[in-house]
Amino acid sequence: MADSVTQKPTRTPLIAGNWKMNLDHLQAIAFVQKLAWTLKDAQHDFGSVEVAVFPPFTDLRSVQTLVNADDLPLAFGGQDISQHDSGAYTGEVSGAFLAALDTAYVLIGHSERRQYHGETDEIVAAKTAAAHRHDIVPIICIGETAEDLEAHGPAAVPVAQLRAALEGAATGKEIVVAYEPVWAIGSGQAATSEQAQQVCAALRALLVEVLGADAAAATRILYGGSVKSGNIAGFMRETDVDGALVGGASLQLEEFASIVRYQKHVGT
Ligand code: 13P
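Read on for a plain summary of the structure. Source: prediction; values computed, not measured.

**Things to note about the site of the ligand**
Right, so step 1: Around the ligand sit 13 residues, and of these Lys 20, His 110, Gly 186, Ser 226 and Gly 248 come closest.
Right, so step 2: Here an oxygen atom of the ligand sits 3.0 Å away from a polar atom, N or O, in the side chain of Asn 18.
Right, so step 3: Between the ligand and Gly 247, the relevant distance is 2.9 Å, taken from an oxygen atom to a main-chain nitrogen or oxygen of the residue.
Right, so step 4: Starting from 310 Å² of accessible surface for the ligand in isolation, the protein chains cover 95%.
Right, so step 5: Class assignment for the residues of the shell around the ligand results in four nonpolar, seven polar and two charged.

**A few points about the packing of aromatic side chains**
Right, so step 1: All told, the structure shown has four aromatic pairs when counted by the stated rule.
Right, so step 2: Geometrically, the ring pair formed by Tyr 223 and Phe 235 is stacked, given 4.3 Å between the ring centres and 20° between the ring planes. In this pair, Tyr 223 sits in strand E7 (residues 220–224) while Phe 235 sits in helix H10 (residues 232–236), placing the two residues twelve residues apart along the sequence. An identical accessibility class is assigned to Tyr 223 and Phe 235; each is buried.

**Some details on the pattern of salt bridges**
Right, so step 1: Considering all chains together, one arrives at 14 salt bridges under this definition.
Right, so step 2: Ionic pairing is found between Asp 85 and Arg 133, a salt bridge with its closest N-O pair at 3.0 Å. Of this pair, Asp 85 sits in the loop between strand E3 (75–78) and helix H3 (95–100) while Arg 133 sits in helix H5 (residues 121–133), and the two are 48 residues apart along the sequence.
Right, so step 3: On the basis of relative accessible area, Arg 133 is assigned to the partly exposed category, the value being 44%.
Right, so step 4: Across the pair Glu 209 and Arg 163 runs a salt bridge whose closest N-O atoms are separated by 2.9 Å. Here Glu 209 is found in helix H8 (residues 193–211), whereas its partner Arg 163 is found in helix H7 (residues 156–166), with 46 residues between them in sequence.

Basis of the calculations
What you see as residue numbers is a count from 1 along each chain, following the sequence as written. The predicted origin of the model limits local features to residues at a pLDDT of at least 70 and limits the giving and counting of side-chain atom pairs to 80 or more, whereas totals for whole chains, interfaces and linings rest on all residues. By convention in this description, side-chain values take in all heavy atoms of the structure and omit both hydrogens and water. Only heavy atoms are used to decide nearness, and a residue is near a molecule or strand if one of them lies within 4 Å of it. Any pair of nitrogen or oxygen atoms within 3.5 Å is treated as a polar contact; in protein, a donor-acceptor pairing is required on top of that, and neighbouring residues in sequence qualify only through side-chain atoms on both sides. Here, Shrake-Rupley sampling with a 1.4 Å probe gives the accessible areas, and only protein chains in the shown set may cover a residue. Residue polarity is assigned by list, with Asp, Glu, Lys and Arg as charged and Ala, Val, Leu, Ile, Met, Phe, Trp, Tyr, Cys and Pro as nonpolar; anything else, Gly included, falls into the polar class. Two rings from Phe, Tyr or Trp (for Trp, the six-membered ring) form a pair when their centres sit within 6.5 Å of each other. Planes less than 30 degrees apart are called stacked, planes more than 60 degrees apart edge-to-face, and all others tilted. Here a helix means four or more residues in a row that DSSP labels H or I, a strand means two or more in a row labelled E, and each is numbered from the N terminus. Per-residue accessibility, obtained with a 1.4 Å probe over protein chains only, is compared with the maximum for each type, and a residue is labelled buried under 20%, exposed over 50%, and partly exposed between these values. Within this document, salt bridges are pairs made up of a side-chain nitrogen of Lys or Arg and a carboxyl oxygen of Asp or Glu, the two lying within 4 Å of each other.

Honestly, that's just the spatial picture; any functional story needs more than this.
Shown next, in the form of structure tokens:
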């Protein structure tokens, strides 16, 4: 375990809220406004921790308008992207459309997409390529199920998933990796910070192998799965954990704001 988060000066921590299929555009406007006020009131230093929200597609235009009008220091992103740029793909959303809304990030290969929508490693690689074509930073989500863990140990499946996804990454373009053990998502049973560090270190070793040492050192690796204000500081102390992808707790305003301000819990 690292002694302090200050050992990771080159990577700006990223706290990302994946709203999943929650909050319509009116609720999104109210939530984002309140989140910005709450963090401002708490004198949160946005330079030291980047905050991003991932609303449903139908909210993105409203969130963009609000963020731009009030110059809010919040990033936002899509929860998915089509591997295609345009055409007869009913229900899909092009990276071109996301880019036109100033979307900085997009989640790719979330376990719920893999589980309920049949997203394979090949599709995840193609979506990673699509994000890069439109200069959107892909947040590549990977993670093992409880059965994978039992059969293969902690790191084998996430490392294989990341290796496959990197096939789609454009040379020299930023990626973010989100390690989300499937058994920890929505279960209230987060990984321990030591477990998260073990897998994130293996993921960074793969990044060194595939992207080179400099790019690997610059790439942020997030942990996700039952992150709360009570456990975030432990994760953030770990050398290879550079932030969190938060699901349920990202919908609770005070709780999410408290996660963003994890530095006040460090050392507690
Ligand atoms: P929970 O934080 O609700 O466990 O969800 C994690 C997640 O899936 C974020 O993408």
